[in-house]
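Observations on chain architecture
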Amino acid sequence: MHVIEHLDRADRTLFSFEIIPPPRGKTVRDIIDIVEQIAPVKPPFIDVTSHMAEAVYEELDDGSIKRRIRKKRPGTISICGIIQNRYGIETVPHLLCAGFTREETEDAIIELNYLGIENVLAIRGDQSNYKKIMRDGRTRNIYAKDLVEQLVDLREAKFLDDIANSEAINFCVGVGGYPEKHQESPNIKTDLKYLKEKVDAGADYIVTQMFFDNSVFMDYVRRCRDAGISVPIIPGLKPIESVRQLSSLPKNFNISMPEDLVDEIMESPDHVKEIGKRWTAKQLVGLMNSGTECIHFYVMNNASTTVEIIKEAG
Ligand code: FAD
């Protein structure tokens with residue numbers, strides 16, 4: 001079922017989750033453990049992130065440098081297949097522009113379709129030290145909007161090659177949104193302009209970057225509506241679990257932390273997990289009370305705190 005159908009039919013606030021494939025060399029059991037923790041909360045869908053390859057440099061004995069191209073966390077498609085087919089929970093694989101040709105993306109979409117997956121999140125991906133070489137005849141998506149357009153073409157059975165009597169692949173398409181603007185956007189107005197382009201291209205819903213102040217999200221929704229963006233906007237939450245995240249999250253995700261939250265953690269760093277949990281619980285209740293249809297949790301590879309928060313919130 002499409003994510004937007006879940007949202008349409010919801011008679012209570014839904015909780016969705018975002019998980020990350022295990023690093024190369026680990027087993028899929030790690031993911032299964034997380035899904036088993038999440039499953040009792042009855043998520044309408046679970047997102048699985050995708051990761052582009054990186055260049056890894058290794059100094060050899062003779063002093064020369066060997067360059068290898070490695071994807072640290074492969075397996076997005078197969079993890080989605082396992083979750084969806086073993087647990088009956090809808091999955092939303094993230095599809096990236098960066099590091100993939102449009103031809104590879106089309107193949108991935110075909111595989112997802114064969115697995116019975118009907119939803120994807122179309123994401124540009126971050127800059128990496130590896131740039132895929134574009135050989136003759138290959139093309140690529142630059143911005144998420146280009147990827148949305150590719151997915152929308154497939155809804156009309158338009159494959160990259162003209163294929164006679166081809167059948168449509170109808171994915172529900174989500175895109176990312178940034179309540180505090182994306183780090184490369186010069187200002188909020190420009191950020192919204194590009195977000196609207198993604199929606200006008202055919203995106204069905206938006207999932208936001210994490211935020212720690214609900215008023216930031218409420219303002220964002222208001223600005224989106226004023227800009228003519230009418231699709232559902234799903235807020236993203238993440239509980240703080242370490243003091244280090246006070247600097248790493250703002251740095252990596254261009255988000256800010258409310259003074260009260262930072263002060264409380266700085267005063268009692270040993271209780272950071274409890275403070276973070278309480279803070280997210282407060283955000284959760286605030287969003288539920290304001291009628292939010294679905295709340296998305298960035299659990300990545302540790303769902304226990306989030307599941308406790310949801311259970312305690314009833
Ligand atoms: P876009 O919407 O393409 O925007 C990127 C930047 O370009 C923005 O600053 C935008 O304003 C600007 N822009 C857009 N269109 C144009 C244009 N036509 N001309 C000039 N500028 C333009 N990363 C991963 O690697 N893997 C993941 O699985 C993943 N999942 C994510 C999930 C969510 C919900 C979110 C919010 C982010 C996720 N990311 C993930 C991070 C994401 O890859 C980065 O934030 C990335 O830098 C931007 O992706 P985007 O899809 O928002 O890009």
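Structure's up top.
The paragraphs below set out a description of the structure included in this document. Everything numeric here is computed off the predicted structure, so don't read it as measured data. (Residues numbered from 1 in each chain as written. Predicted model: local features only at pLDDT ≥ 70, side-chain atom pairs only at ≥ 80, totals over all residues. Heavy atoms only, no water.)

Now for the packing of helix α2 (residues 29-38) against helix α3 (residues 76-87). At a closest axis distance of 11 Å, the pairing of α2 and α3 adopts a crossing angle of 45°. By the angle between their axes, α2 is oblique relative to α3. The handedness of the crossing between α2 and α3 is right-handed. Mapping the contact onto sequence places I31, I32, V35 and E36 in α2 and I79, I82, I83, R86 and Y87 in α3. (Axes fitted to C-alpha atoms, helices over the stretch in contact; angles between N-to-C directions. Helix = DSSP H or I, 4+ residues; strand = E, 2+ residues; numbered from the N terminus. Parallel < 35°, antiparallel > 145°, perpendicular 65-115°, else oblique. Left-handed = near helix turned anticlockwise from the far one by under 90°. Contact = heavy atoms within 4.5 Å.)

What follows concerns the pairing of strand β2 (residues 45-48). With burial as the criterion, each face of β2 is covered, one bearing F45 and D47 and the other bearing I46 and V48. Between the parallel pair strand β1 (residues 14-19) and β2, the chain is carried across by α2, and the sense of this crossover is right-handed. Two strands pair when backbone bridges link them, and β2 and strand β5 (residues 90-96) are joined in this way by four bridges, in the parallel orientation. Looking at β5, one finds that I46 is bridged to T91. (Buried < 20%, exposed > 50% of the residue type's maximum accessible area, 1.4 Å probe, protein only. Right-handed = clockwise from strand over helix to strand, strands pointing away. Pairing = 2+ DSSP bridges.)

Near the ligand, the surroundings consist of 22 residues, among which S50, D126, Y178, H182 and K198 are the closest. Y143 is positioned with one of its side-chain polar atoms (N or O) 3.5 Å from a nitrogen atom of the ligand. Elements supplying a minimum of two residues to the shell around the ligand: β5, β6 (119-123) and α6 (188-201). The leading source of residues in the shell around the ligand is α6, at three residues. In terms of residue class, the shell around the ligand is made up of nine nonpolar, seven polar and six charged. (Near = heavy atom within 4 Å. Polar contact = N/O pair within 3.5 Å; in protein donor to acceptor, adjacent residues only side chain to side chain. Nonpolar A, V, L, I, M, F, W, Y, C, P; charged D, E, K, R; others polar.)

What follows covers the pairing of β5. Regular strands show a simple pattern: their side chains alternate between the two faces of the sheet. Most of β5 sits inside the fold, with seven of its seven residues counted as buried. Where burial is concerned, the two faces of β5 agree: the one with E90, V92, H94 and L96 and the one with T91, P93 and L95 are both buried. In terms of strand pairing, β5 meets β6 through three bridges, oriented parallel. Residue pairing for β6: L95 is matched across the bridge by A122. Crossover handedness for the path β5 to helix α4 (residues 102-114) to β6: right-handed.

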